[in-house]
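Chain by chain, the residues run as shown.
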Amino acid sequence: METTTGTSAYWSPYLTVKQAEEYTTLHRVTLWRAVREGKLKASGYGRAGRYHVADLDEFMTSRNRK
């Protein structure tokens, strides 16, 4: 595993809430509502929540936004 300036260079399929916001261009509240309504899966709670990229892609496709 290579490192650059002390950070890990490996890629993870899970995104933080902030990364998911940037990836989907949706507000975090919209993402949380989708989770609450069962339209999107998330791992963890609150700020520790993570979203899988494949789940985000599927959610965005269902919304016809991507």
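As the structure is a computational prediction, the values presented were derived from the model and not from experiment. Per-chain numbering applies: the sequence of each chain, read as written, is numbered from 1 onward. The predicted nature of this model means local features are confined to residues of pLDDT at least 70 and side-chain atom pairs, given and counted, to a pLDDT of 80 or more, with totals for whole chains, interfaces and linings taken over all residues. Side-chain measures here rest on the full set of heavy atoms in the structure, leaving out hydrogens and waters.

Caption draft 1: The arrangement of the pattern of salt bridges in detail. Salt bridges are defined by distance alone: a side-chain nitrogen of Lys or Arg within 4 Å of a carboxyl oxygen of Asp or Glu. Counting across every chain of the model gives one salt bridge. Between K39 and E37 there is a salt bridge; the shortest N-O distance is 3.2 Å. The buried label goes to any residue with under 20% of its type's maximum accessible area, the exposed label to any with over 50%, and the partly exposed label to all in between, with areas taken from a 1.4 Å probe on protein chains only. When its relative accessible area of 56% is taken as the criterion, K39 is described as exposed. Looking at E37, the relative accessible area reads 48%, which means it is partly exposed.

Caption draft 2: Quick peek at unusual backbone geometry. One non-glycine residue, T25, lies in positive phi territory at about 60°. Each helix is a run of H or I in the DSSP string that is no shorter than four residues. Each strand is a run of E no shorter than two, and both are numbered from the N terminus. Examined against the element boundaries, T25 turns out to sit in the loop between α1 (17-24) and α2 (28-36).

Caption draft 3: Main features of the packing of α1 against helix α3 (residues 53-62). Remark: α1 packs on α3, axes separated minimally by 11 Å, with the N-to-C direction vectors making an angle of 40°. Of the possible angle classes, the one that applies to α1 and α3 is oblique. Considering how the two elements wind past one another, α1 and α3 form a crossing that is right-handed. Between α1 and α3, the residues in contact are A20, Y23 and T24 and V53, L56, D57 and M60, respectively. Charged means Asp, Glu, Lys or Arg here, nonpolar means Ala, Val, Leu, Ile, Met, Phe, Trp, Tyr, Cys or Pro, and polar covers whatever is left, Gly included. Classifying every residue of the contact of α1 with α3 gives five nonpolar, one polar and one charged. As a rule, the C-alpha atoms of each element are fitted with a line to give its axis, helices using only the stretch in contact, and angles between N-to-C directions run from 0 to 180 degrees. Angle categories are assigned with fixed cut-offs, so that under 35 degrees is roughly parallel, over 145 is roughly antiparallel, 65 to 115 is roughly perpendicular, and the rest are oblique. In this scheme, a crossing is called left-handed if the near helix is turned counterclockwise away from the far one by less than a right angle; it is called right-handed if the turn is clockwise. In this description, contact between two residues means that some pair of their heavy atoms is separated by no more than 4.5 Å.

Caption draft 4: A look at the nonpolar core. By size, the foremost hydrophobic cluster in this structure holds twelve residues: L15, V17, A20, L26, L31, A34, L40, Y51, V53, L56, F59 and M60. At the level of secondary structure, the elements contributing two or more residues to this core comprise α1, α2 and α3. Take this core: its biggest share by element is four residues, from α3. Not counting chain neighbours up to four residues away, the residues in contact with L31 comprise A20, E21, T24, L26, L40, Y51 and L56. Nonpolar cores were defined as sets of buried Ala, Val, Leu, Ile, Met, Phe, Trp, Tyr and Cys residues, with membership established by side-chain atoms within 4.5 Å.

Caption draft 5: Here's a closer look at the side chain of T24. With respect to the element layout, T24 can be found in helix α1. Judged by relative accessible area, T24 falls into the buried class, the value being 2%. Two N or O atoms form a polar contact when they lie within 3.5 Å of each other; inside protein one atom must be a possible hydrogen donor and the other a possible acceptor, and for residues adjacent in sequence the pair counts only when both atoms belong to side chains. Only 2.8 Å separates the side chain of T24 from the backbone oxygen of A20, close enough to count as a polar contact.

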